[in-house]
Amino acid sequence: MSYPNHSSPSSFILTGIPGLEDAQFWIAFPFCTMYFMAVLENITLLLMIRMDPSLHLPMFYFPSMLAAIDLLLTSSTMPRLLSIFWFQSHETDFESCVVQMFFIHSFSTVESGVLLTMAFNRYLAICKPLCYSAILTGPTIAKLGLAAVVCGITIITPLTCMVTSLSYCARIIHHSYCEHMSVVKLACGDTWPNSIYRIMAATIVVGSDSILIAVSYMLILKEVIGVSSREAHLKSFTICGSHICPLLFYVPGLFSVPGLFSFYTQRWDQRIPAHLHILMADLYLLVPPMLNPLIHGMRTKPIQERVAPAVTTMPYSCPTNTSLSELHLMGIPGLQHLHHWIALPLCIMYLITLAGNSTLLCVIKADPSLHLPMFLFLSMLAVIDLVMSTSITPKMLGIFWFHSTAISLDACLTQMYFVHAFSVMESGVLVAMAFDRYVAICNPLRYLSILTSPVVAAIGLAALLRAVVFMSPLTFQIRYLPLCSPAVVEHSYCEHLAVLKLACGDAASSNTYSLSVSTYVVSFDSLLIALSYTLILRAVLSLSSPQARKKAFSTCGSHLCVMALFYIPGLLSMYMERYHQELPPHIQVLLADLYLLIPPAFNPLIYGIRMKQIRDGAHRMISWRRPMAGGIGPGLQGTRLTLMKTNSIP
């Protein structure tokens, strides 16, 4: 990858993630999603605490500080990082780089101090409850927050000043933001004072804060164990749990688990790939700020009540005197008070599904070199994922956010038909994709003569007809069964078994048919896929060229990942609901929801990251982006002459 060669010594070039430059365009999508979630969630938490006087307590002031720090920490890096990944804006001036470095490291230190004060707050609340309000007054809390800020600035300012005093011989920073060690590596002279000060500062902050937090929670544990009331035990552990979770992300101080990993391996374990260092450092600035408000929201009852006042004032009961032409979807049984929060990641996954699959379809349609069997099957998969996720997610979000539980019987049966029919159809397309890989690798000379456009269309039509034939009787059986009140479906969408539980008469035939069809489809398709990949493995191992073997495994790996994402959650959801009645209902419903949301969201990302042809096609669509070196790459996008070589695998 080439970068502009500027002569000005006052600027640096940020490379992004070394070794993954071609995948940065796609990596930016989940990074952008996490950043927007972090901003939205932390602002929501701050507004809730600001607007509700009942939350103006020490216990909530500290999460407010944490939210403000997370906003500053992520906003100091993510906009710049995304501009590198999407717009190739690599150059940054020296002053901006130093300011970014100062913000990252100082606010990481401040955050460690806030986590320490949160542990102290829990210690006083549980071990000294009578003195709690007298000790943690408003001025005391302000002083603790100010002390954390002063400590962070005092420790990091000398580090920044030492960086500004260095002279630099190189300008390319192999990182996605201005991290201290990555900048110091460019210096010409002796950098040992910088390295020693950085290690000492990190070790002192991490060591002292970890010890103090550990002591606080040991005293809390001792106090809680001495309490006789089981309810008091549960309440104490629940409250402390929401504070311990952020500590697990940060392992207090300058660095989290990924931060510590990146910090120490960057110095003493050069065997770790550079891109892994950078990814861990990036995730350190994204994952904790995104998850902290969710943790405090889900585990802290006053915040739950403030977010969902309708939930606390109105039980999730549905009318029992409605006509059976109308049903009510409960959502996730037992987790109704968390629907507002659960809907956020589900909505994000749905948006990723729409963006990813639509982009994949546009790339394949716009690039003639991708009008080949392998990519036509990918197009079918993308269409199925769009239809399947769109058939349930809008209604699900309506239930979670607006309590719109009512659904007509006809709409419910239509939704059920689409969900199950397109699941069967997706399984058939996965079999076709396995067959496509088998022909491409085991019979490359006949690939285009076997999988012609009419044959591909016939395979797709066969998958559709099979789904219609298998699922139509299931829907008609439900339609003509008598259903009894209360017409409440204990699910977040019209899943067959959940609706079948409302039947008054004998539903054994419908239950047996559903189990037989699902077992047949999964078993038959899995057997064909396993057979195809067994033959592929045998053919690949016989290839003499290591490059050909690597290319074959890489291409097939994308398909195997997609198949695992489709079959494993589906099987877990189907059989646990039938044979593990002791499993909590909310676990069963969550599994069923994730089964219909995770594969459609991840499929285009898997193909986009792992398949060079898709990446190249996406880059060619964006005409203002730099041209990719090396062209389209070897494979089926060439002429028939390419297929005459046995080691050329599409």
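Since this is a predicted model, take the numbers as computed values, not measurements.

About the thresholds
- Residues numbered from 1 in each chain as written.
- Predicted model: local features only at pLDDT ≥ 70, side-chain atom pairs only at ≥ 80, totals over all residues.
- Heavy atoms only, no water.
- Disulfide = S-S within 2.5 Å.
- Helix = DSSP H or I, 4+ residues; strand = E, 2+ residues; numbered from the N terminus.
- Buried < 20%, exposed > 50% of the residue type's maximum accessible area, 1.4 Å probe, protein only.
- Contact = heavy atoms within 4.5 Å.
- Arc of directions from axis to C-beta.
- Phe/Tyr/Trp six-rings, centres within 6.5 Å; stacked < 30°, edge-to-face > 60°.
- Pairing = 2+ DSSP bridges.
- Axes fitted to C-alpha atoms, helices over the stretch in contact; angles between N-to-C directions.
- Core = buried A, V, L, I, M, F, W, Y, C linked by side-chain atoms within 4.5 Å.
- Parallel < 35°, antiparallel > 145°, perpendicular 65-115°, else oblique.
- Left-handed = near helix turned anticlockwise from the far one by under 90°.
- Nonpolar A, V, L, I, M, F, W, Y, C, P; charged D, E, K, R; others polar.
- pLDDT = per-residue confidence, 0-100.

(A) Spatial organisation of the state of the cysteines. For the coordinates displayed, the defined rule picks out three disulfides. Each disulfide pairs two cysteine sulfurs, and for cysteine 97 the partner residue is cysteine 178, the sulfurs being separated by 2.0 Å. Judged by the sign of its S-S torsion, about -120°, the cystine formed by cysteine 97 and cysteine 178 is left-handed. One end of the pair, cysteine 97, is in helix H4 (residues 94–127); the other, cysteine 178, is in the loop between strand S3 (172–173) and helix H7 (180–184), and 81 residues separate them in sequence. Comparing cysteine 97 with cysteine 178, the two get one shared label, buried. A sulfur-sulfur separation of 2.0 Å characterises the disulfide bridge that pairs cysteine 412 with cysteine 494. As the torsion about the S-S bond is roughly -125°, the cysteine 412-cysteine 494 disulfide counts as left-handed. In this pair, cysteine 412 sits in helix H18 (residues 409–442) while cysteine 494 sits in the loop between strand S6 (488–489) and helix H21 (496–500), placing the two residues 82 residues apart along the sequence.

(B) Representation of the environment of threonine 33. Mapped onto the fold, threonine 33 is located in helix H1 (residues 24–51). Ignoring anything within four residues of it in the chain, the contact list for threonine 33 reads Ile348 and Ile352.

(C) Representation of helix H11 (residues 274–284) in the model. Turning to H11, its buried residues number three or more, namely His277, Ile278, Ala281, Asp282 and Tyr284. End-on view of H11: buried residues confined to an arc of 155°, all on one side of the axis.

(D) Geometry of the packing of aromatic side chains. Throughout the structure, instances matching the rule amount to eleven aromatic pairs. Ring geometry for phenylalanine 31 versus phenylalanine 85: centroids 6.2 Å apart, planes at 35°, classification tilted. With phenylalanine 31 in helix H1 and phenylalanine 85 in helix H3 (residues 78–87), this pair connects stretches of sequence that are 54 residues apart. Residue phenylalanine 31 is classed as buried on the basis of its relative accessible area of 4%. On the accessibility criterion, phenylalanine 85 (0% relative accessible area) is buried. Between phenylalanine 470 and tyrosine 520, the aromatic rings sit 5.7 Å apart at their centres with planes inclined by 85°, giving edge-to-face as the arrangement. Placement of phenylalanine 470 in helix H20 (residues 453–479) and of tyrosine 520 in helix H22 (residues 508–541) is noted, with a sequence separation of 50 residues between them. The partly exposed category is assigned to tyrosine 520, whose relative accessible area is 40%.

(E) Here's a closer look at the sheet that holds strand S4 (residues 326–329). The strand order across the open sheet built from three strands is S5-S4-S6, with neighbouring strands paired in mixed fashion. Where the open sheet ends on each side, the last strands, each with one partner, are strand S5 (406–408) and S6. Pairing analysis gives two bridges linking S4 to S6, with the strands arranged parallel. Residue pairing across strands places histidine 328 opposite valine 488, the latter belonging to S6. The strands that H18 touches are S4 and S5; relative to S5, the one it contacts most, it runs at about 85°.

(F) Layout of the nonpolar core. Phe375 and Ile614 are the most contacted members of the largest nonpolar core, which has 166 residues in total. Counting residues per element, this core draws most heavily on H18, at 18 residues. Setting aside anything within four residues of it in sequence, one finds phenylalanine 375 in contact with Ile364, Leu370, Met611, Gln613 and Ile614.

(G) Spatial organisation of the packing of helix H2 (residues 58–75) against helix H6 (residues 138–164). One can describe the packing of H2 onto H6 by two numbers: an axis separation of 11 Å at closest approach and a directional angle of 25°. Classified by the angle their axes make, H2 and H6 are roughly parallel. Of the two possible hands of crossing, H2 and H6 adopt the one that is right-handed. On H6, the residues that touch Pro58, Tyr61, Phe62 and Met65 of H2 are Ile141, Leu144 and Gly145. Partitioning the contact of H2 with H6 into residue classes produces six nonpolar, one polar and no charged.

(H) Representation of the sheet that holds strand S2 (residues 91–93) within the structure. In spatial order, the strands read S2-S1-S3; together these three strands make up an open sheet with mixed pairing. A single partner strand is all that each edge strand has here, and the edge strands are S2 and S3. Bridge analysis of strand S1 (residues 11–14) against S2 gives three bridges, and the strand direction is antiparallel. Looking across to S2, one finds that isoleucine 13 is bridged to glutamate 91. Along the sheet, H4 contacts S1, S2 and S3; its crossing angle with S2, the most-contacted strand, is approximately 85°.

(I) Highlighting the confidence of the model for the protein chain. Looking at the protein chain, the pLDDT average stands at 77 and 77% of residues meet or exceed 70. Taken element by element, the predicted model of the protein chain shows its lowest mean pLDDT in helix H14 (residues 309–313) (38) and its highest in helix H16 (residues 373–390) (91). Between residues 246–265, whose pLDDT stays under 50, and residues either more than four places distant or in other chains, the model counts 74 contacts.

(J) Representation of the packing of H18 against H20. Contact geometry for H18 and H20: axes closest at 8 Å, N-to-C directions at 150°. The handedness of the crossing between H18 and H20 is right-handed. Partitioning the contact of H18 with H20 into residue classes produces 17 nonpolar, six polar and three charged.

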